[in-house]
Amino acid sequence: LEGSDGEVIRLDDHAVAERLSYFLWNEPPDDALRASAEAGELGTREEIEAAARRMAADPRATAMLSGFVEDWLELHRVRGMTKDPSMFPAWADGLSSSTQAEHERFVAHVMSGDARLETLLSADVAVVDPRLAEVYGTDVTEGPASLGPERRGILNLSGFLAGHAGATESAPVLRGVTVMRQLLCEEMELPVGLAVSSPPQDPTRTTRERFTAHRADPFCAGCHDRIDPIGFAFEDFDAVGAHRTRDENSLAIDATGRVRSADGALDVAVDGGADVAVALATSPVVRSCFARQVFTYAEGRVLRASDAGAATDACAVDQIAAQFAASDGDIRELLVAIATSQAFRERRIER
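We now turn to the structure provided with this report.

**Concerning the packing of aromatic side chains**
Point 1. Following the criterion strictly, the structure yields seven aromatic pairs and no others.
Point 2. Relative to Phe344, the ring of Phe23 lies with its centre 5.6 Å away and its plane at 55°, an arrangement referred to as tilted. Pair noted here: Phe23 is in helix α1 (residues 13–24) and Phe344 is in helix α16 (residues 342–345), with a separation of 321 residues, a long-range link.
Point 3. Taken together through their ring pairs, the aromatic side chains of Phe68, Trp72, Phe290, Tyr297 and Phe324 make up a single cluster.
Point 4. A cation sits over an aromatic face here: Arg60 above Trp25, 3.6 Å from the ring centre.
Point 5. Lying across the ring of Trp91, Lys83 places its NZ or CZ 5.6 Å from the centre.

**Considering the pattern of salt bridges**
Point 1. Per the stated rule, a full pass over the model turns up 19 salt bridges.
Point 2. Glu186 is paired through a salt bridge with Arg226; the nearest N and O atoms lie 2.3 Å apart. Taken as a pair, Glu186 in the loop between α9 (172–182) and α10 (207–212) and Arg226 in helix α11 (residues 218–232) lie far apart in primary sequence, 40 residues in all. For the pair shown, Glu186 and Arg226 are each scored as buried.
Point 3. Here Arg244 and Glu248 are joined by a salt bridge, their closest N and O atoms 3.1 Å apart.
Point 4. Note on Arg244: relative accessible area 9%, which makes it buried.
Point 5. Residue classification places Glu248 among the partly exposed residues on the basis of a relative accessible area of 29%.
Point 6. A single salt-bridge network, built from bridges that share partners, covers Arg45, Glu49, Arg53 and Glu333.

**A word on helix α4 (residues 59–72)**
Point 1. Taking 1.5 Å per residue, 14 residues should reach 20 Å; α4 reaches 20 Å between its end C-alpha atoms and fits that length.
Point 2. For α4, every residue scored as buried is listed here: Ala61, Thr62, Met64, Leu65, Ser66, Phe68, Val69, Glu70 and Trp72.

**So, the packing of α1 against helix α15 (residues 331–339)**
Point 1. Two numbers describe how α1 lies on α15: the axes approach to 11 Å, and their chain directions differ by 155°. If you check the angle between α1 and α15, you find them roughly antiparallel. As for how α1 packs across α15, the hand of that crossing is right-handed. The residues of α15 that touch α1, namely those facing Leu20, Phe23 and Leu24, are Leu335, Ile338 and Ala339.

**Observations regarding the state of the cysteines**
Point 1. Per the stated rule, a full pass over the model turns up one disulfide.
Point 2. Linked covalently through their sulfurs, Cys185 and Cys289 form a disulfide whose S-S length is 2.1 Å. Handedness of the Cys185-Cys289 disulfide follows from its S-S torsion of about 90°: it is right-handed. With Cys185 in the loop between α9 and α10 and Cys289 in helix α13 (residues 284–299), the pair connects residues that are 104 residues apart, well separated along the chain.
Point 3. We classify Cys289 as buried; its relative accessible area is 3%.

What counts and what doesn't
- Residues numbered from 1 in each chain as written.
- Predicted model: local features only at pLDDT ≥ 70, side-chain atom pairs only at ≥ 80, totals over all residues.
- Heavy atoms only, no water.
- Phe/Tyr/Trp six-rings, centres within 6.5 Å; stacked < 30°, edge-to-face > 60°.
- Helix = DSSP H or I, 4+ residues; strand = E, 2+ residues; numbered from the N terminus.
- Lys NZ or Arg CZ within 6 Å of the ring centre and 35° of its normal.
- Salt bridge = Lys/Arg side-chain N within 4 Å of Asp/Glu carboxyl O.
- Buried < 20%, exposed > 50% of the residue type's maximum accessible area, 1.4 Å probe, protein only.
- Expected span 1.5 Å × (residues − 1).
- Axes fitted to C-alpha atoms, helices over the stretch in contact; angles between N-to-C directions.
- Parallel < 35°, antiparallel > 145°, perpendicular 65-115°, else oblique.
- Left-handed = near helix turned anticlockwise from the far one by under 90°.
- Contact = heavy atoms within 4.5 Å.
- Disulfide = S-S within 2.5 Å.

Below you can see the structure in the form of structure tokens.
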């Protein structure tokens, strides 16, 4: 791009076509989009909106969203993960593969329906195969299978729960910190010089009881007072995502907790993973964070926070989040809002 360092320039029609296509479809522009660029029909917000709506309705946009969700919720963690075969023999016998593929079917189901973030986070159905149906205790159907009241949305599916767990037990800190980072947009940096290790196994204590001990250390408590109550609320799910009332030591599960954002706008007592999902699904804090996460994905860079572009990025995210909220959390409308934003149609020269 021609221009001086730091200069903001408006992208031409061909560059807009490329940005739209790689954002919404993860591939080069199709013939229709190239023709629009050649005809100079991607120069106004209205023209870009028309193109973005056509593309957002295409199955390739759903495939892109599946890729985003995998990155956003760190579902890639489940790839290559091993589980103790004496405790979870089904894992190496196909359950691992089923778990890895499930989020694509679930995202497709959401996007073929109301496409709302609330549905993604709290739907009471899943699209299962025989292996997952056994884990969830539900029937195998051609379409979505109804779930019990203990399981809601993508955070209560095996991909997230198994991926954020160990070989034998749950990982409440990992589950809690992932929710804070990815759904509440709160940075959680590990203190310099701190060595992290799980509390030693103890057949007389639950995972919750073992992990609660580290909150007695003032150095740890500042973060863990907020991380752990979220993670502990997922304790009703084991290391492959099966629901449970007793842990691997046959000790009773306590899945009470609290979901609280840094600004206090979200502060809800919860009991179990389903409660966590519902609390997050209906929160304006989470909706705004989700808009930020998708915008960051579209931009392909970390948003600026300390230079001349900070105000531009913050303003763009605020406007996009407001449009997303006005659509009642419709993910398709979020894609259009990002594609038509001034930030998406411009580029800052960096040399």
